[in-house]
Amino acid sequence: MSSLAAARADNFYYPPEWTPNQGSLNKFHGQHALRERARKLDQGILIIRFEMPFNIWCGGCNSMIAKGVRFNAEKKQVGNYYSTKIWSFTMKSACCKHEIVIQTDPKNCEYVIISGATKKTEEYDIEDAETFALPADEERGKLADPFYRLEHQEEDLKKKKEAEPVLVRLQRFSDARHSDDYSLNKALRAQLRGQKKRVAEEESASKKMGLGIRLLPAAKEDTAAAAHVKFSSKFEKNRKNKRALIQASSIFPRQSGSSTSNKQLELESKRRKISAAAASNLLVGGFKPSAWSQGAVPSRKQKGISITGRHS
Ligand SMILES: [Zn+2]
């Protein structure tokens, strides 16, 4: 008798001691066709590979055992649901060797954890999942029942009548909208034509300005926003005036300023203002030097006066 397990497992090796009247090889070796998996067959237990049908928490160490993890489980019949057998699977978890017992539930077509673990809750609200609620199986079955239909027909008809005005109104609205398809078509085409025309106009306008892109029509808001922008023009203007004044004045102080009265002072300041304006005009563009040299003299005078004024 061969002791080579692999050869025996193949079930093809017939040792020299074997004779056909001894029956099959399994019988000859005194073993079950399922080998080790059948070792508890006398207790009604077959060892099979069981695949976890859902995620569970191990009852021993509280770690998660994922759906699809496989176990060597002892499968045995524990009861019947009508003619369907109820199977129990007993296995030891890989994490802590805790015993887990799971049974089939033919009535609800699912697996039930009997002991050693808890199912991970993965059921969601209809609202959370944003799906429609389907009527329960019992409800759906009831609709086929003529008595149930008869009882609820009245209620359903009432509901229908309540909803009717809204539906009729919607239908009428829709009909009115789509009754005159000629005018609808006409309006749409006119709209499109107008749009095309506008685009062409804008394109030609931008081409005239030498722009590669089409400009949007001028908006009132844009105009208002542009008007609100303040540039620092006053500062620039003052600076220009001052500079012009300095450039226009003589570098030589004037001697005849000691005997000026208050009235004269005022007059001088007025003149200075005028001369400043003239100077700025000059900068903007246009007088000959001979024309402004005269206007610039008083300002130089004023300088001398202010000094003498302080002295007196
Ligand atoms: Zn565990």
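For the structure given in this document, a descriptive report is provided here. Not measured: the values here are computed from a predicted model.

**Some remarks on the overall build of the protein chain**
Within the protein chain, the regular secondary structure consists of 10 helices and eight strands. For the protein chain, the proportion of its 312 residues judged to be buried stands at 8%. Considering only residue pairs separated by 6 or more positions, the protein chain has 46% of its internal contacts joining residues 24 or more positions apart.

**A closer look at the nonpolar core**
In terms of nonpolar packing, the biggest core is built from nine residues, these being F50, M52, I56, A73, F89, M91, I100, I102 and A117. For this core, the secondary-structure elements that each account for two or more residues are β5 (84-92) and β6 (99-105). Apart from the residues within four sequence positions on either side, I102 is in contact with F89, Y111, V112, I113 and I114.

**Some words on the sheet that holds strand β2 (residues 56-58)**
Consider a sheet: its strands pair through backbone hydrogen bonds, and that pairing is either parallel or antiparallel. Pairing is antiparallel across the open sheet formed by three strands, whose spatial order is β3-β2-β8. Looking at strand neighbours, the two that pair on one side only are β3 (64-65) and β8 (117-119), the edges of this open sheet. Where β2 meets β3, two bridges bridge the pair, whose relative direction is antiparallel. Directly across from I56, in β3, lies its bridge partner I65.

**Considering the sheet that holds strand β7 (residues 110-115)**
Taken in spatial order, the five strands make up an open sheet running β1-β4-β5-β6-β7, and their pairing is antiparallel. Only two strands of the sheet have a single neighbouring strand rather than two, namely β1 (46-51) and β7. Put simply, the sheet's adjacent strands are angled 40° from each other on average, direction ignored. Note: β1 against strand β4 (residues 70-81), six bridges, orientation antiparallel. The partner of I48 across the bridge, within β4, is A73.

Reading the values: the criteria
Residues numbered from 1 in each chain as written. Predicted model: local features only at pLDDT ≥ 70, side-chain atom pairs only at ≥ 80, totals over all residues. Helix = DSSP H or I, 4+ residues; strand = E, 2+ residues; numbered from the N terminus. Buried ≥ 20, exposed ≤ 12 C-beta atoms within 10 Å, placed from the backbone. Contact = placed C-beta atoms within 7 Å. Core = buried A, V, L, I, M, F, W, Y, C linked by C-beta atoms within 7 Å. Pairing = 2+ DSSP bridges. Axes fitted to C-alpha atoms, helices over the stretch in contact; angles between N-to-C directions.

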